[in-house]
Amino acid sequence: KCAHLRLVCQAEQKPYYMSKLWWCGITLLGLGEVGNFTAYGFAPITLVAPLGCVSVIGSAFISVFFLKKTMRTADILGGALTITGIYLLVTFAPNVPQELTARQVQNYLVSWPFLVYSILEIIIFCILLYFYKRKAVKHIMVLLMMVALLASLTVIAVKAVSSMIALSVTGKMQLTYSVFYIMSVLMATSCAFQIKFLNQAMQLYEATAVVPINFVFFTISAIISGVIFYREFQSAALLSVFMFLFGCLLSSLGVIIIARNKKEKHLHIPFIDYGHIPGQKLTGKIQPDSHSSCYGTLNKEDDSVKRQT
């Protein structure tokens, strides 16, 4: 974001991929996702997925220094709630063995709870896809529900792949099993379609609406996946389950408060010089409408301006 803001203020417009700052940001994002991927191999899904709220807190506070945004009371309150939720998540997370072999993944794939869950998920996804394709329903809830359904498959596959790689590194080779490659393909495919729908939601709606809804949906789908596929709460006490879910609730509430009523900063598009357009003799400048995709359009009612032009 900072790179885009800097580029748009420069006299000579350059592509964003020519910016060193932009590449620095992409590299940091990549390293963060590598750490996230690794975490799934050493911790339960039901713990790693909700801890994604840390990025929301980080972006809210770091934007004060890099994007010169004002620290709001809502940011402090939301951050406090989210940190409290994180403490409860870490304290009452399910204590399950994290050594996940290829044979265990195979057994989980053909278990009845997962088969029933998969059938229900496919039916719901097909219904949503029908409304999306045939009825052209682009509502934010429809888009993000499809993202969440795909995300549930993604976290299952990510944990399986990450765990098998971790075991292989320690000497217990798991990469010779076909299930490793099946899960790798599932991970890549579900990720690709997940990004497609999430990107469309970001194009059609404000990030302040997409981020909290997506976080809540993603967390719910990840927890359900961990419970059904990996049976992470199988031997947990009722109090631990309650406190863990309460921590998830506090974290989600904190994210919603941080994102609520936060105004998007629109980029100020510079003047367009007619002298730089081939075939045009005009030398005047016009200011494009930043809220419209049509640059340099004039109001239909203004006939005098039309004749003048």
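Residues numbered from 1 in each chain as written. Predicted model: local features only at pLDDT ≥ 70, side-chain atom pairs only at ≥ 80, totals over all residues. Heavy atoms only, no water.

An unreviewed UniProt entry lists the chain under the name NPAL2 protein, with Sylvia atricapilla given as the organism. In the Sequence similarities (unreviewed entry) part of its UniProt record, the chain is described as follows: "Belongs to the NIPA family." (UniProt positions renumbered as here; feature names shortened; annotations may be inferred.)

With that out of the way, let us pick up the overall build of the chain. When its secondary structure is counted, the chain shows 12 helices and two strands. When the elements of the chain are put in sequence order from the N terminus, they spell out α-α-α-α-α-α-α-α-α-α-α-β-β-α. Counting over 309 residues, the chain shows a buried share of 36%. Excluding contacts between residues fewer than 6 apart, the proportion of contacts in the chain whose partners are at least 24 apart in sequence is 74%. When the accessible surface of the chain is split by element, carbon and sulfur atoms take 67% of a total near 18,900 Å². (Helix = DSSP H or I, 4+ residues; strand = E, 2+ residues; numbered from the N terminus. Buried < 20%, exposed > 50% of the residue type's maximum accessible area, 1.4 Å probe, protein only. Contact = heavy atoms within 4.5 Å. Areas by Shrake-Rupley, 256 points an atom, 1.4 Å probe, with all protein chains shown as cover.)

Tallied over the full model, the rule gives one salt bridge. Here Arg 72 and Asp 75 are joined by a salt bridge, their closest N and O atoms 3.0 Å apart. Residue Arg 72 is classed as partly exposed on the basis of its relative accessible area, which comes to 23%. On the basis of relative accessible area, Asp 75 is assigned to the buried category, the value being 2%. (Salt bridge = Lys/Arg side-chain N within 4 Å of Asp/Glu carboxyl O.)

On to helix α7 (residues 112-133). The end-to-end C-alpha distance of α7, which contains 22 residues, comes to 31 Å, matching closely the 32 Å that a straight helix rising 1.5 Å per residue would cover. Every buried residue of α7 is accounted for by Phe 114, Tyr 117, Ser 118, Glu 121, Phe 125, Leu 128 and Tyr 132. Down the axis, α7 shows its buried residues gathered within 100° of arc, on one side only. Summarising the geometry of α7, the exposed residues directed more than 90 degrees from the buried face are Trp 112, Ile 119 and Ile 122. (Expected span 1.5 Å × (residues − 1). Arc of directions from axis to C-beta.)

As recorded in UniProt, the feature "transmembrane region" (unreviewed entry) lies at residues 21-42, 48-67, 74-94, 114-132, 144-169, 175-195, 207-230 and 236-259. In residues 207-230, the share of helix is 92% and the share of strand is 0%. The end C-alpha atoms are 32 Å apart. Between the end C-alpha atoms of residues 236-259 the distance is 33 Å, and the span holds 92% helix and 0% strand.

Once that is clear, we can look at the packing of aromatic side chains. Summed over all chains, the structure comprises 11 aromatic pairs. Taken together, a centroid distance of 6.4 Å and an interplanar angle of 70° make the contact between Phe 125 and Phe 197 edge-to-face. Highlighted residues: Phe 125 in helix α7 and Phe 197 in helix α9 (residues 178-204), separated in sequence by 72 residues. Looking at Phe 125, the relative accessible area reads 18%, which means it is buried. With a centroid separation of 4.6 Å and 80° between ring planes, the pair formed by Phe 229 and Tyr 230 is classed as edge-to-face. The pair Phe 229 / Tyr 230 is uniform in exposure class, with both members buried. An aromatic cluster is present here, built from Tyr 108, Phe 114, Phe 229 and Tyr 230 joined pairwise through their rings. Between Lys 138 and the ring centre of Tyr 132, over which it is positioned, the NZ or CZ distance is 4.7 Å. Directly above the ring of Tyr 230 sits Lys 159, whose terminal nitrogen or CZ lies 5.8 Å from the centroid. (Phe/Tyr/Trp six-rings, centres within 6.5 Å; stacked < 30°, edge-to-face > 60°. Lys NZ or Arg CZ within 6 Å of the ring centre and 35° of its normal.)

Helix length check: helix α8 (residues 140-169), at 30 residues, gives a terminal C-alpha distance of 42 Å against a target of 44 Å (1.5 Å per residue), a fit within 8%. In the stretch just after α8, Gly 171 is the one whose phi turns positive, near 115°.

A separate point is the environment of Leu 21. Along the chain, the position of Leu 21 falls in helix α2 (residues 20-39). Among the residues examined, Leu 21 registers a relative accessible area of 35% and is labelled partly exposed. Once the C-alpha coordinates of Leu 21 and Cys 2 are considered, the two residues, 19 residues apart in sequence, prove to be 8.0 Å apart. Apart from the residues lying within four places of it in its own chain, the contact partners of Leu 21 are Cys 2, Ala 3 and Arg 6.

For the pair α8 and helix α10 (residues 207-228), interaxial distance at closest approach is 8 Å and the crossing angle is 40°. Taken together, the axes of α8 and α10 lie oblique to each other. With respect to the hand of their crossing, α8 and α10 are arranged in right-handed fashion. Between α8 and α10, the residues in contact are Ile 140, Met 141, Leu 144, Met 145, Val 147, Ala 148, Ala 151, Ser 152, Val 155 and Ile 156 and Ala 209, Val 210, Ile 213, Asn 214, Phe 217, Phe 218, Ser 221, Ala 222 and Ser 225, respectively. Here the contact of α8 with α10 is composed, by residue class, of 15 nonpolar, four polar and no charged. (Axes fitted to C-alpha atoms, helices over the stretch in contact; angles between N-to-C directions. Parallel < 35°, antiparallel > 145°, perpendicular 65-115°, else oblique. Left-handed = near helix turned anticlockwise from the far one by under 90°. Nonpolar A, V, L, I, M, F, W, Y, C, P; charged D, E, K, R; others polar.)

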